[in-house]
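Working through the structure, step by step
Take a look at the letters that make up each chain.
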Amino acid sequence: MGPGSVTDSVAIDGLSTSTSAQKRPLQAINESGIVSKPYKPRASRACESCHTRKVRCNVVATSPCTNCQLDNIQCLERERKPHQKRKAGNYGETQNETFSDQPSYAFPATLPELMGPSKYKLPSFIQPLPERLVNNESDMDYIYTRGALSLPDVSLESELVQAYISYIYPYMPSTDLHDLLQVLDHRDGSAGCVSLFLYQAIMFAATAFVENDRLLEAGYTSRKEIRRLYFNKARVLYDFDCEPNRLVVVQCLVLMTYWHDTPDGQKDLWYWQDLALHAAHFIDLQRDPVTMGIDPALCRLRKRLWWSLFMRDRMMALCMRKPSRIWEEDSDMPPLVESDFEIRSLSESSSSISPNCTMMPNTEVQSVLARLCIAQARLCVVVGHILKKQYTSSVLDPSQSAFNES
């Protein structure tokens, strides 16, 4: 037959369609006489693998599809979900929803239904993930397979929390420790929730200080294995923007600077330090919180968090012989004082920490550690002056500047 016959067909990726059944031509000419790109009809169904990868699938024409044959994997045809029909009624009303003045960031009342499959559900004391992630099955499946939704058992968690209290928090008081322990004590969520990102970041940082025997009992072959595992959990949560609160993001990123896998890795501890500093500047963390008119408890937290970031910057620069990232001229944050620390005893009935932890029940020990942290902050200021002199001395002389006009 001739080229204009209605029985001509076009084969696209193994899908044969008749030109008489097409709703629009393969090529179209606009008003300017320019031929547009050929129209490729969309397949009515796709297999599970192609749908997850978001690639074109020809399972309708041949099963298994071409992609699964090339990858030598099982081709499972995916069932399409039926579309919900709208009920006739007022504008903006559907069968299950109505428009309201409720903010978009507020969690709906039917939270268990929002969490989707049971494997994605989190404990009551963990803050739910953002709605945009929960509604994205492919993203949630990736986060789940990377282990970011899994938590350690209670006994290992207690060891990790004790390590965090004993070795990290005294010199990096970037969290509200008492509030965190209250949340962990009430696992039904009655005392509030903790961010999943912050929880995994704390667990990761603490893995460097847990006894080796305890790690072997938990089933890990080496300390590096558990450190990489928990770091990847925190990293996946950061990559998917699972935490909308930037203050919490800074708390997590400064803890992630404890990871240094290979000497030549591009995303080393400086990478996470720079990300933390960027997020801190975005929320003006370097400014005096007293002048911002915010809650006193939040003022103390912001102050401790900024100085934790500052001390980490100076210690990293000193150990790695690199110039520091934070300039004191950009900040008007006052020095730390003992009243900036949350010094109060914890209930003896607390189950979130080991009985061997002697710091939290003893306020005198907390006071001594607070003064040591203040002294470390002052020492880091002096270290910063030395590093600045070491790495910027040649620029201070105008005659040696590269921009000096001859």
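Overview of the structure.

Criteria and thresholds
- Residues numbered from 1 in each chain as written.
- Predicted model: local features only at pLDDT ≥ 70, side-chain atom pairs only at ≥ 80, totals over all residues.
- Heavy atoms only, no water.
- Salt bridge = Lys/Arg side-chain N within 4 Å of Asp/Glu carboxyl O.
- Helix = DSSP H or I, 4+ residues; strand = E, 2+ residues; numbered from the N terminus.
- Axes fitted to C-alpha atoms, helices over the stretch in contact; angles between N-to-C directions.
- Parallel < 35°, antiparallel > 145°, perpendicular 65-115°, else oblique.
- Left-handed = near helix turned anticlockwise from the far one by under 90°.
- Contact = heavy atoms within 4.5 Å.
- Nonpolar A, V, L, I, M, F, W, Y, C, P; charged D, E, K, R; others polar.
- Buried < 20%, exposed > 50% of the residue type's maximum accessible area, 1.4 Å probe, protein only.
- Expected span 1.5 Å × (residues − 1).
- Polar contact = N/O pair within 3.5 Å; in protein donor to acceptor, adjacent residues only side chain to side chain.
- Core = buried A, V, L, I, M, F, W, Y, C linked by side-chain atoms within 4.5 Å.
- Patch = residues over 30% accessible without salt bridge, like charges linked within 9 Å, V, L, I, M, F, W, Y side chains within 5 Å.
- Areas by Shrake-Rupley, 256 points an atom, 1.4 Å probe, with all protein chains shown as cover.
- Phe/Tyr/Trp six-rings, centres within 6.5 Å; stacked < 30°, edge-to-face > 60°.
- 1 Å grid on protein atoms, 1.4 Å probe; cavity = no way out; pocket = protein on both sides within 12 Å on 5 of 7 lines; lining within 4 Å.
- Points joined across faces, edges and corners; volume = space filled by probe spheres on them.

**Details of the pattern of salt bridges**
The full count for this structure, using the stated rule, is 13 salt bridges. In this structure, Arg 187 engages Glu 157 in a salt bridge whose closest nitrogen and oxygen atoms are separated by 2.9 Å. On the criterion of sequence distance, the pair formed by Arg 187 in the loop between α7 (177–185) and α8 (196–206) and Glu 157 in helix α6 (residues 154–168) is long-range, its members being 30 residues apart. Through salt bridges with shared partners, a single ionic network connects Asp 176, Asp 179, Arg 300, Arg 304, Glu 342 and Arg 344.

**Overview of the packing of helix α11 (residues 246–256) against helix α12 (residues 269–282)**
At a minimum axis distance of 8 Å, the contact between α11 and α12 shows a crossing angle of 160 degrees. Between α11 and α12, the angle is such that the two are roughly antiparallel. In this structure, α11 meets α12 at a crossing whose hand is left-handed. Along its contact with α11, which presents Arg 246, Val 249, Val 250, Leu 253, Val 254 and Met 256, the element α12 presents Trp 272, Leu 275, Ala 276, Ala 279, Ala 280 and Phe 282. Taken together, the residues of the contact of α11 with α12 sort by class into 11 nonpolar, no polar and one charged.

**What about α7?**
For α7, a buried count of seven out of nine residues is recorded, marking the element as mostly surrounded by other parts of the structure. All of the buried residues along α7 are Leu 177, His 178, Leu 180, Leu 181, Val 183, Leu 184 and Asp 185.

**Notes on helix α13 (residues 296–320)**
Helix length check: α13, at 25 residues, gives a terminal C-alpha distance of 36 Å against a target of 36 Å (1.5 Å per residue), a fit within 8%. You can read the cap of α13 off the contacts: a side-chain oxygen lies 3.0 Å from the backbone nitrogen of Ala 297, and it is on Asp 295. Of the residues trailing α13, Arg 321 is marked for its positive phi of about 55 degrees.

**Digging into the nonpolar core**
Grouped together as the largest cluster of nonpolar side chains are 87 residues, with contacts concentrated most on Ile 143, Tyr 164, Ile 165, Leu 255 and Trp 306. In terms of residues, this core owes the most to one element, α8, which gives 10 residues. Listed in part, the seven residues of the second largest apolar core include Cys 47, Cys 50, Cys 65 and Cys 68.

**Side note on a nonpolar patch on the surface**
Taken together, Tyr 171, Val 368 and Leu 372 make up a surface patch of nonpolar side chains, about 250 Å² in accessible area. Mapped onto the elements, Tyr 171 comes out in the loop between α6 and α7.

**Some words on the packing of aromatic side chains**
In this structure the tally under the stated criterion is 13 aromatic pairs. Geometrically, the ring pair formed by Tyr 164 and Tyr 169 is tilted, given 6.3 Å between the ring centres and 55 degrees between the ring planes. Like Tyr 169, Tyr 164 is buried. With 6.0 Å between their ring centres and 80 degrees between their planes, Tyr 238 and Trp 272 make a pair best called edge-to-face.

**So, empty space enclosed by the protein**
Considering all chains together, one arrives at two cavities of 30 Å³ or more under this definition. Counted as a void, the largest cavity has a volume near 110 Å³. If you trace the largest cavity, you find 13 residues lining it, with Tyr 169, Phe 341, Met 359, Gln 366 and Ala 370 closest to the centre. Counting only elements with at least two residues in the lining of the largest cavity, the list comes to α7 and α14 (363–396). Partitioned by chemical class, the residues of the lining of the largest cavity number 10 nonpolar, two polar and one charged. Those elements that place two or more of their residues in the lining of the second largest cavity are α6, α7 and α8. Grouping the constituent residues of the lining of the second largest cavity by class yields eight nonpolar, no polar and no charged.

**Re the environment of Ala 276**
Positionally, Ala 276 belongs in helix α12. Spatially, the C-alpha atom of Ala 276 lies 7.4 Å from that of Val 249, the residues being 27 residues apart in sequence.

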